[in-house]
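Single-letter residue listing:
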Amino acid sequence: MGLSARLERLVPDLAATMRRFPVPALWSVLLTLYLNHYIIRRSGDPREDVIMAAAAGFFAAGAGHLFAEGRGLSRLSNLVLAAVLGGFAALLGWFNASLHVSALYLFCGLIALTMVAAHLRRDAAQGALWFFNLRFGLAALLAFLAGLAFALGLLAITSSLKFLFGLHPFPNVEEHIIATACALVAPLYGLSLMPRDLDTALDVADHRGSPLERGVSVLVNYILVPVVVVYALILHAYAVKIALTGELPKGQIGTMVAIYAVGGTGVWLIAWPWRETGSKLLRLFMKGWFWLTIIPSFLLVIAIWRRVADYGVTPDRYGIALIALWAVLVTLYLALRRRAADMRVIIGAMAALLLIASFGPQGAYGTTITSQMSRLVALLTRNDALKDGQIVSPTPKLSTEDQSRGYSIITVLREANGLNSVLFLFPETARPVATDSWSLHSDITNKLGFNPNAGPGEFLSFNISRPFDHSIAAAAVLYGPLSVSGTETLSTQPPDRMAWHDGKVFHIRTPRHEWTFTSGSLVAQLKNTSSSTPNQSPMPIIIAPGVTMLVTDAYGAAGEEPVLNSLTFWLIEEDKALTSAPATP
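Keep in mind it's a predicted model, so treat the numbers as computed, not measured. (Residues numbered from 1 in each chain as written. Predicted model: local features only at pLDDT ≥ 70, side-chain atom pairs only at ≥ 80, totals over all residues. Heavy atoms only, no water.)

Some points on the overall build of the protein chain
1) Next: Counting its regular elements, the protein chain contains 18 helices and 10 strands.
2) Next: Here the protein chain holds 585 residues, and 46% of them are scored as buried.
3) Next: Counted over contacts in the protein chain with a minimum sequence separation of 6, partners at least 24 positions apart contribute 69%.
4) Next: Accessible surface for the protein chain amounts to roughly 29700 Å². Of this, 64% is attributable to carbon and sulfur atoms. (Helix = DSSP H or I, 4+ residues; strand = E, 2+ residues; numbered from the N terminus. Buried < 20%, exposed > 50% of the residue type's maximum accessible area, 1.4 Å probe, protein only. Contact = heavy atoms within 4.5 Å. Areas by Shrake-Rupley, 256 points an atom, 1.4 Å probe, with all protein chains shown as cover.)

Okay, structure coming up:
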């Protein structure tokens, strides 16, 4: 008996799912194997590009299978299409840094694509699309609950074994359970619940009085539609206020209108089956929704134009601008089509816009980087800090306003994974080098003087970009490299954590001892030592007799309120280090 036959006899639902969605199931299995392998090896952090590639491949391949099913393509064409789409999406996830891929836009776009993929054909009925997405939403919800039940159940069993019998099945069993639940159990369970009959439409008349019809009917007739209508009245009243006072919309109005546009259109889609039989308010809403979007869309365009003109593009503002464009297109479409509007156009347009915005120079991150780099170059040029396209050294002292503006620009570039673009403004010999985005952010802001909270000469910026030699006693233990970036607020640290910082106190722990000292004392010592340390040599900080920190990267600021942004160091603990008393560097 073959493996597939055995699998079908043991778990027929799983076997059917594997036959119907082989490519996304493969991505799910590969991601599960990777996560469990990482937990066993425990080397660094799990690679985000691997996880993003597998997840993107899963959704895109699923959309490919559904598209092929909807159009009745052959089995081979079905597999090829799913493999190609899944592979392309996986490449976007794998090369997310170089392609400036936004995970939020990519996955939202793939989900929207999945919602319409099976019905991208001329003979697809609107009711079938609506009913498919109802079951798709239920499948996603049940998949989440199944993964949660699997994880909680096995965690309860393992905890009971440990507590009652002292049995430990294998190391890090809890992490293996959670990883398997998220990457394998929930996705495969969700695939098994995907609708098979893609042309089945919900006839409200046939289901009148059923729990499904009553539940959704009450939701749309008496909750969702009234809420959207009241929200529309509020926004139109605000528009009247703007017209009377002549004031431009406030900064938060963009987010409010974006929620209204997306949420209101979502309610319009959900209420579609009751367009003829719903309450009077619902029927009026279905007929006149596009009229309710005209003025709010105008407010949205004005609000986002003002913010972009003042502060440049950010991923969030790009998203609001994208919603504004979509809202305008939907308004025009509904105005032209009215009662003949096709839900596939509304959802498909959003999917297309999101996928276009998810990567490349035209995407959310690419556009943000271009906009913010233009603002940064203009700021540096205005302050004579840029000559022949290179940052001068030393950087001129900036006003507090320009420091704050520059810090904000660098922060936005970090959010858009665009800090590497800033590096090319530095001369090659003075180019910042860091192992993570926060350290690079701190290094760049310190070198450029973008810290309005620090006074002259209070910046701390130290970095070694090449290997170094350091003699160590024979009877000594070397730990590292240890990196601390930002602050850690957890009250209980994992047992393998050797160094952390809570904003005020810096902690170092080895199997034999533990030391704590204030951030101010550490920053002051780092500041003093860095000035006397030879170039490209580690900075030695003695924290206790026989215990030395060899600092290779340090970023922060002294001043009245010392700030330690990041620290990378090696720790040398000699055998004569017998004291565990707190030490002040």
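Brief notes about the nonpolar core
1) Next: Counting residues in hydrophobic clusters, the biggest one holds 59 residues, and the most contacted among them are Trp-130, Trp-268, Phe-285, Leu-334 and Ile-346.
2) Next: Listed by contribution, the elements that provide at least two residues to this core are α6 (103-117), α7 (126-165), α9 (211-245), α10 (253-270), α11 (280-311), α12 (315-337) and α13 (343-357).
3) Next: Setting aside its immediate chain neighbours within four residues, Trp-268 contacts Phe-285, Met-286, Trp-289, Leu-334, Ala-341, Met-343 and Ile-346. (Core = buried A, V, L, I, M, F, W, Y, C linked by side-chain atoms within 4.5 Å.)

So, the sheet that holds strand β5 (residues 499-501)
1) Next: Strand order in the open sheet formed by 3 strands is β5-β6-β7, and the pairing between neighbours is antiparallel. Only two strands of the sheet have a single neighbouring strand rather than two, namely β5 and β7 (514-518). Mean inter-strand twist for the sheet, computed between neighbouring axes without regard to direction, equals 15°.
2) Next: Examined bridge by bridge, strand β6 (residues 505-509) and β7 share 5 bridges and lie antiparallel to one another. In the strand pairing of β7, Arg-509 is matched with Glu-514. (Pairing = 2+ DSSP bridges. Axes fitted to C-alpha atoms, helices over the stretch in contact; angles between N-to-C directions.)

Some words on α10
1) Next: Compared with an ideal rise of 1.5 Å per residue, which puts 18 residues at 26 Å, α10 spans 25 Å between its outermost C-alpha atoms and is within 8% of the ideal.
2) Next: Buried residues of α10: Ile-253, Gly-254, Val-257, Ala-258, Tyr-260, Ala-261, Gly-264, Thr-265, Val-267, Trp-268 and Leu-269, and no others. (Expected span 1.5 Å × (residues − 1).)

Some remarks on the environment of Arg-196
1) Next: You can see Arg-196 is positioned in the loop between α8 (173-192) and α9.
2) Next: The exposure class of Arg-196 is exposed, given its relative accessible area of 51%.
3) Next: On a C-alpha basis, the gap between Arg-196 and Glu-69 in space is 9.2 Å, while along the polypeptide they are 127 residues apart.

A word on unusual backbone geometry
1) Next: The amide bond that connects Gly-480 to the next residue, Pro-481, takes the cis arrangement and shows omega of 0°.
2) Next: One can find Pro-481 in strand β4 (residues 476-485).
3) Next: Positive phi values are uncommon outside glycine, yet His-100 reaches one of about 55°.
4) Next: Tracing the sequence through the fold places His-100 in the loop between α5 (75-94) and α6.

Examining the packing of aromatic side chains
1) Next: Under the defined criterion, the tally for this structure stands at 11 aromatic pairs.
2) Next: Stacked on the ring of Trp-272, the Lys or Arg Arg-275 has its end atom at 3.7 Å from the ring centre. (Phe/Tyr/Trp six-rings, centres within 6.5 Å; stacked < 30°, edge-to-face > 60°. Lys NZ or Arg CZ within 6 Å of the ring centre and 35° of its normal.)

Overview of the packing of helix α3 (residues 22-41) against α8
1) Next: At a closest axis distance of 9 Å, the pairing of α3 and α8 adopts a crossing angle of 175°. Compared by their axis directions, α3 and α8 come out roughly antiparallel. Residues Pro-24, Ala-25, Ser-28, Val-29, Leu-31, Thr-32, Leu-35, Asn-36, Ile-39 and Ile-40 of α3 touch α8, and the partners they reach there are Glu-175, His-176, Ala-179, Thr-180, Ala-183, Leu-184, Pro-187, Leu-188 and Leu-191.
2) Next: Taken together, the residues of the contact of α3 with α8 break down into 13 nonpolar, 5 polar and 1 charged. (Parallel < 35°, antiparallel > 145°, perpendicular 65-115°, else oblique. Nonpolar A, V, L, I, M, F, W, Y, C, P; charged D, E, K, R; others polar.)

Some thoughts on a nonpolar patch on the surface
1) Next: Among the surface-exposed residues, Leu-138, Leu-141, Leu-142, Phe-144, Leu-145, Leu-148, Leu-152, Tyr-189 and Leu-193 lie close enough to one another that they form a single nonpolar patch of about 800 Å² accessible area.
2) Next: Tracing the backbone through its elements, the reader meets Leu-138 in helix α7.
3) Next: Under the relative-accessibility criterion, Leu-138 is labelled partly exposed at 42%. (Patch = residues over 30% accessible without salt bridge, like charges linked within 9 Å, V, L, I, M, F, W, Y side chains within 5 Å. Salt bridge = Lys/Arg side-chain N within 4 Å of Asp/Glu carboxyl O.)

Regarding the confidence of the model for the protein chain
Atom-level detail of predicted coordinates should not be read off regions where pLDDT is low.
1) Next: On average, residues of the protein chain carry a pLDDT of 83, and 87% of them reach 70 or more.
2) Next: Considering only residues more than four positions removed or in separate chains, one finds that residues 577-584, a stretch of pLDDT under 50, has 18 contacts. (pLDDT = per-residue confidence, 0-100.)

A short note on the layout of surface pockets
1) Next: Taken as a whole, the largest pocket holds about 1200 Å³ of empty space.
2) Next: Around the largest pocket, the lining comprises 41 residues; the ones closest to its centre are Ala-112, Met-115, Val-262, Gly-266 and Met-350.
3) Next: Top element by residues in the lining of the largest pocket is α10. It accounts for 10 residues.
4) Next: Grouping the amino acids of the lining of the largest pocket by side-chain chemistry returns 32 nonpolar, 8 polar and 1 charged. (1 Å grid on protein atoms, 1.4 Å probe; cavity = no way out; pocket = protein on both sides within 12 Å on 5 of 7 lines; lining within 4 Å. Points joined across faces, edges and corners; volume = space filled by probe spheres on them.)

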